[in-house]
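The residues making up each chain are set out below.
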Number of protein chains: 2
Amino acid sequence: MPATPTVDLDSLTPGARRILDTASTLFYEQGIHAVGVDTIAAESGVTKRTLYDRFGSKDALVAAYLQSRDRRWRSMIATRLDEGGADPVSRVLVPFDVLPLWLDECARGCSFINAFGELHDADHPGRDVIVEEKTWLLDHFRTTLTHAGIAEPEPLAVQLLSLHEGAIVAYSIAGAAGAAEAAHAAARSLVELALVGQGTR
Amino acid sequence: MPATPTVDLDSLTPGARRILDTASTLFYEQGIHAVGVDTIAAESGVTKRTLYDRFGSKDALVAAYLQSRDRRWRSMIATRLDEGGADPVSRVLVPFDVLPLWLDECARGCSFINAFGELHDADHPGRDVIVEEKTWLLDHFRTTLTHAGIAEPEPLAVQLLSLHEGAIVAYSIAGAAGAAEAAHAAARSLVELALVGQGTR
DNA sequence: CCCTAAGTACACAGATCTGTGAATGCAAGG
DNA sequence: CCTTGCATTCACAGATCTGTGTACTTAGGG
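Structure report, in brief. (Residues numbered from 1 in each chain as written. Chains lettered and ligands numbered in written order. Predicted model: local features only at pLDDT ≥ 70, side-chain atom pairs only at ≥ 80, totals over all residues. Heavy atoms only, no water.)

### Comments concerning the protein's contact with DNA strand C
Selection rule: Here a residue is considered near a molecule or strand provided that any single heavy atom belonging to it is located within 4 Å of it. Here a polar contact means two N or O atoms within 3.5 Å. Within protein one must be a hydrogen donor candidate and the other an acceptor candidate, and residues neighboring in sequence count only if both atoms are side-chain atoms. The helix and strand labels rest on DSSP assignments: H or I over at least four residues marks a helix, E over at least two residues marks a strand, and numbering proceeds from the N terminus. Asp, Glu, Lys and Arg are counted as charged, while Ala, Val, Leu, Ile, Met, Phe, Trp, Tyr, Cys and Pro are counted as nonpolar; the rest, among them Gly, fall into the polar class.
As a structural note, the neighbourhood of DNA strand C is formed by 18 residues, with Asp38, Lys48, Tyr52 and Lys58 of chain A together with Gly15 of chain B the closest of them. The protein-proximal atoms of DNA strand C, defined as those within 4 Å of the protein, are 54% sugar or phosphate. Val37 of chain A is positioned such that a nitrogen or oxygen atom in its backbone is 2.8 Å from a phosphate oxygen of DNA strand C. Taking Gly15 of chain B, its main chain carries an N or O atom lying 2.6 Å from a phosphate oxygen of DNA strand C. Residue assignment for the surface near DNA strand C shows that the elements contributing at least two residues are α2 (37–44) and α3 (48–55) of chain A together with α1 (14–30) and α3 (48–55) of chain B. Looking at side-chain class alone, the surface near DNA strand C contains five nonpolar, seven polar and six charged residues.

### Some details on the packing of aromatic side chains
Going by this rule: Geometry of aromatic contacts follows a simple scheme: Phe, Tyr and Trp rings, the Trp one being its six-membered ring, pair when their centres are within 6.5 Å, and the pair is stacked under 30 degrees between planes, edge-to-face over 60, tilted otherwise. Summary of the burial criterion: residues with accessible area below 20% of their type's maximum are buried, those above 50% are exposed, and those between are partly exposed, where the area comes from a 1.4 Å probe applied to protein chains only. For a ring to carry a charge above it, either NZ of a lysine or CZ of an arginine must fall within 6 Å of the ring centroid while also lying within 35 degrees of the normal to the ring plane.
According to the stated counting rule, one finds six aromatic pairs over all chains in the structure shown. When the ring of Trp73 of chain A is compared with that of Trp136 of chain A, the centres are 5.5 Å apart and the planes differ by 75°; the resulting orientation is edge-to-face. Residue Trp73 of chain A is located in helix α4 (residues 58–83), and its partner Trp136 of chain A is located in helix α8 (residues 125–147); the two are separated by 63 residues in the primary sequence. Here Trp73 of chain A falls in the buried class, since its relative accessible area comes to 1%. Its guanidinium or amino end placed over the ring of Tyr28 of chain B, Arg69 of chain B lies 4.3 Å from that ring's centre, counting from NZ or CZ. Looking at Arg108 of chain B, its charged tip hangs above the ring of Phe116 of chain A, at a distance of 4.9 Å from the centre.

### A word on the relation of the copies chain A and chain B
Rules: Least squares is used to superpose the copies, and the fit set is the C-alpha atoms of residues whose pLDDT is at least 70 in both copies. Contacts: residue pairs with any heavy atoms within 4.5 Å of one another.
Take chain A, turn it by 180°, move it 0.0 Å along the axis, and it overlays chain B with an RMSD of 0.0 Å. Here the copies are linked by what is in effect a two-fold axis. No C-alpha of chain A lies nearer the rotation axis than that of Gly166 of chain A, which sits 1.9 Å from it. The share of interface residues of chain A whose copies in chain B are also at the interface is 100%, consistent with both copies meeting through the same surface.

### Some thoughts on the side chain of His124 of chain B
Residue and element names in this part refer to chain B. Within the secondary structure, His124 is located in the loop between α7 (111–118) and α8 (125–147). Assessed through its relative accessible area of 9%, His124 is described here as buried. Not counting chain neighbours up to four residues away, the residues in contact with His124 comprise Asp59, Val62 and Leu119.

From the geometry alone we can't say anything about function, so treat these as descriptive.
Shown next, in the form of structure tokens:
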């Protein structure tokens, strides 16, 4: 049951802020099930009572963790989309511009992918956040590719999504240092190839 | 400490076989920390004592789970490499031939990536298996690309690894049905592009 | 015939987990 | 002044976790 009343990330009390920050670090570095609420409370310098008063449950805290991370990532992309030029191909590739920066926080892999592996219950309030993060990126590619003049963007959008997600895996697990740049270059090649293969422009 | 004496997957007692099978299903579907040894034992129709007599610890069972999965996946690739023709580019792309089949078992994502997110302890006996699975694939691409006549295979190998891993993510989380085929096509394009861009043959 | 390997039965230790109840302190704002 | 929001303190319930100790059964092979 999604009866969990979602927390408003914009109006967090100081204590709640600290709880969320600590939980984010611990969940990401150690895994969600591996971190207990006692640890989170202690590490935040807060009592367990406060944690439950602010967030209601561990599951809701997990959802808030994912939401805040999703929000930060999207804002990085939104910023570049706003300030960036109007060149349609560049707009498609904005997530790959952000990727090197994002990878700095991804030594332990992608938080959403990791959480997906842990949250098997389809009703868990965090599941939606995870799926939406990925579908949002897929949508971004679809939309911007269309604007760039790609008639059938679907397969290419999936390819770009795969490159993007896989780069995080290649970097964090296989230790491929240049994964972000490699993925960026590949993405550009594929887009240009599609444009050429489709007629002139 | 890696004091865990690894289990020999080839000489498992009937009970141990059932334990490993059940554990594999449960670990993959629900996550490693979410499944207790009591559940595994009960579901295997075996006592907890037997589980510990055969595997020694949960961590060792986890490692065995990853090893057996790694082994099955590699054998799928090895088979096609053996029987397949000698066309060097086809050999590079064999993992992408296997991918659609492999994705049938990947509704909950990649077991290695998921396990990586859960096993934060660098000393965990499963960590090596995970890292080796990914580096082995990267190595495969590097080697076969070299045989295909690519002078500097490194960036391309990373791109192919990213495509491969990302396709699992795109399929399992974003619900991209044609992810395997899309990744395969992209991989082929990138390889051919590299061959062309490098001079004639 | 007896030894060994495989497994059962079952209790239990000790830790850790999520979550709650009830009373209290304290500061800011109406 | 008094309410309201935030947080503390602390005890505790009840479940679940990994792992062990001990004694018994059963089947196959030398």
